[in-house]
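# Structural characterization, general
Residue-level listing of the chains:
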Amino acid sequence: MSTAMDTESTYSGYSHYSGHSKKAHRQGRDRHKSPRSKDGSRSEKSVTIQTPPAEPLLGNDASRAEEGQDDNWGETTTAITGTSEHSISQEDIARISKDLEDSVGLDCKRYLGLTVAAVLGLLVFLTPIAFILLPQILWRDDLEPCGTVCEGLFISVAFKLLILLIGTWALFFRQPKADMPRVFVFRALLLVLIFLFVFSYWLFYGVRILDSKDTNYQGIVQYAVSLVDALLFIHYLAIVLLELRQLQPMFTVKVVRSTDGESRYYSLGHLSIQRAALVVLENYYKDFTVYNPALLTASKSRAAKHMAGLKVYNVDGPGNNASGQSRAMIAAAARRRDSSHNELYYEEADHERRVKKRRARLVVAVEEAFTHIKRLQAEEQQKAPGEMMDPREAAQAIFPSMARALQKYLRTTRQQQYHSMESILQHLSFCITNNMTPKAFLERYLNPGPTLQYDRDRWFSKQWTLVSEEAVTSGLQDGIVFVLKCLDFSLVVNVKKIPFIKLSEEFIDPKSHKFVLRLQSETSV
């Protein structure tokens, strides 16, 4: 019921812009149409964890659209059923509750790590200052006077701490991009190294300076300066391990989407499996076309039609052996399978023809609409400022002339669930504001774009599962295969090591490039 009502409400919003009313014709068609049965290609159980706030241009009816239907079925048919396509089973509820518990655990682990790192960083920056101030507080009268060299060391400590503070902010204080299933090994090792290093300095300071109340204040300041110098070297080591080590490409990974087989190749350096998975996901959202499950329903419905509809009638009576029926069904299925490639060929050819026709109509409609807005801009310059339109009003003015052609093209290419009316109007006003051509406006709709191009609530998957036979903290190796799973599909990643390349040099003397012209009696030279 909810799906059909969404489709009907969405169409009503669209017809407000198109200016066409077919109420009488739709009522006449409705008297002769029965509610459609559930499509055989639809999954029995589908879970929607996050409902998009925006309403699609044509509703979520891509999975129910068939190639053989009327071109105007979306305008002349209203189907109302009592079954919702979104259902949640007990297993799905248990899985959702488990995901929520896992997300709470990941948040606690992330905040705990940030807290430990913040406390350790605060201890590191306060330690040199404490080394210098404690003697002044505890035994100020017994200290030797600080000379010129000692006062110069104060300036050195101050500037070195400032450089260390800026470098630490640039390297560590970043917005986290993802929650990893395991800790980052190199970062954990650096934290342990810094803790042991500061603890050793405090232990030496307490035994040799605090207990004995050393009066050589210049030596104490020099001790603090050596601590800051060592911390700067540790920061340099962190840059090498966390940033520079992974820059040199060492592996080539092939990423394949399990549903449609789309693949990409990427070059990676020395990374752990979990960090390589994060790099793959970052590139997936910008390089792979958006996942469209509606494109997979055609093949599923075609296979279902081939398997269904086979009936065997027993004309010899009920006493006949059932083995003959089985052989007859197998033979009939084989004959239908032999002719299935012809059906696929003609279906694809007819679909390409319809897409080209819809594309041509859409291009012409958009070009005419942009021609009108150009004339309006030229005429509005002579009018009063109060009568001029802003880009949003101009987009609303020209949208009805192209809305019908755009609607039919998106429905034919099964992209309507990714483009709401509001998003189209925003894109149209953006193109008008920046004086973009009709071709630039149509680029988003004529070719499926990367995943990041569409609304975040429609493509973003909050939960990915990393499946690997090796430990996710181990480094990449030749032949490793791991899988990234989300709710609708998975990404299969195959790792190959870049082969060792041996180059040889061959020197060619420039003076050796000499040629001789061969003349024959038949030539015209």
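Summarised in this report is the structure supplied together with it.

Reading the values: the criteria
- Per chain, the residues get numbers from 1 upward, laid out in the order the sequence is written.
- Whole-chain, interface and lining totals are the exception, using all residues; otherwise, since this is a predicted model, local features are given only for residues with pLDDT of at least 70 and side-chain atom pairs are given and counted only at 80 or more.
- Side-chain numbers here rest on the full set of heavy atoms in the structure, without hydrogens or water.
- Patch members must show over 30% relative accessible area and no salt bridge, and they are joined within 9 Å when carrying like charges or within 5 Å when they are nonpolar side chains of Val, Leu, Ile, Met, Phe, Trp or Tyr.
- The method behind every accessible area is Shrake-Rupley, applied with a 1.4 Å probe, and residues are considered shielded solely by the protein chains displayed.
- For this analysis, a salt bridge means a side-chain nitrogen from Lys or Arg found within 4 Å of a carboxyl oxygen belonging to Asp or Glu.
- Burial status follows relative accessibility: with a 1.4 Å probe on protein chains alone, a residue under 20% of its type maximum counts as buried, one over 50% as exposed, and anything between as partly exposed.
- Here a strand is any run of E in DSSP of at least two residues, a helix any run of H or I of at least four, and the numbering for each starts at the N terminus.
- Helix span, expected: 1.5 Å multiplied by one less than the number of residues in the helix.
- The rule for a disulfide is simple: a pair of cysteine sulfur atoms within 2.5 Å.
- Only when DSSP finds a minimum of two bridges between them are two strands counted as paired.
- Fitted lines through C-alpha atoms serve as axes, helices being fitted only where they are in contact, and the angles separating the N-to-C directions of these axes extend from 0 to 180 degrees.
- Angular relationships are summarised with four words: roughly parallel below 35 degrees, roughly antiparallel beyond 145, roughly perpendicular across 65 to 115, and oblique for the angles in between.
- Residues are treated as being in contact if the distance between any of their heavy atoms lies within 4.5 Å.
- Polar here means any residue other than Ala, Val, Leu, Ile, Met, Phe, Trp, Tyr, Cys and Pro, which are nonpolar, and Asp, Glu, Lys and Arg, which are charged; Gly is therefore polar.

### Description of a nonpolar patch on the surface
Together, Phe154, Ile155, Phe159, Leu162, Leu165, Ile166, Trp169 and Phe173 make up an exposed nonpolar region whose accessible area comes to about 880 Å². Look at Ile155 and you get exposed, because its relative accessible area is 51%.

### Regarding helix 8 (residues 273–287)
Given a rise of 1.5 Å per residue, 15 residues ought to cover 21 Å, and the 20 Å separating the end C-alpha atoms of helix 8 matches this to within 8%. Considered for burial, the residues of helix 8 that qualify are Ile273, Gln274, Ala276, Ala277, Leu278, Val280, Leu281, Asn283, Tyr284 and Tyr285.

### Here's the deal with the state of the cysteines
By definition, a disulfide links the sulfur atoms of two cysteine residues through a covalent bond. Under the criterion given, the structure shown has one disulfide. The disulfide partner of Cys146 is Cys150, and the S-S distance across this bridge is 2.0 Å. Across the S-S bond of Cys146 and Cys150 the torsion is about -115°, and the bridge reads as left-handed. What makes Cys146 partly exposed here is its relative accessible area of 26%. A relative accessible area of 0% means that Cys150 is categorised as buried.

### Some details on the environment of Leu452
Its place among the elements puts Leu452 in the loop between helix 14 (438–446) and helix 15 (456–459). For the pair Leu452 and Tyr284, spaced 168 residues apart in sequence, the C-alpha separation works out to 9.3 Å.

### Looking at the sheet that holds strand 3 (residues 465–468)
Pairing is antiparallel across the open sheet formed by five strands, whose spatial order is 2-1-5-4-3. Edge strands, defined here as strands with exactly one partner in the open sheet, are strand 2 (263–268) and strand 3. Neighbouring strand axes in the sheet, compared pairwise and without regard to direction, differ in orientation by 25° on average. Bridge count between strand 1 (residues 251–257) and strand 2: six bridges; the pairing is antiparallel. Its bridge partner being in strand 2, Lys254 is matched across the sheet by Tyr265.

### Section: the pattern of salt bridges
The full count for this structure, using the stated rule, is eight salt bridges. Arg353 is paired through a salt bridge with Asp350; the nearest N and O atoms lie 2.8 Å apart. With Arg353 and Asp350 both in helix 11 (residues 340–380) and three residues apart, this pair spans about one turn of that helix. Beyond isolated ion pairs, a larger network of salt bridges with shared partners links Arg257, Asp260, Glu262 and Arg264.

### Notes on the packing of helix 12 (residues 391–412) against helix 14
At their nearest, the axes of helix 12 and helix 14 sit 11 Å apart, and the two run at 30° to each other. The angle between the axes of helix 12 and helix 14 places the two elements in the roughly parallel class. For the pair helix 12 and helix 14, contact is made by Met402, Leu406, Tyr409 and Leu410 and by Phe441, Tyr445 and Leu446, respectively. Tallied by class, the residues present in the contact of helix 12 with helix 14 amount to seven nonpolar, no polar and no charged.

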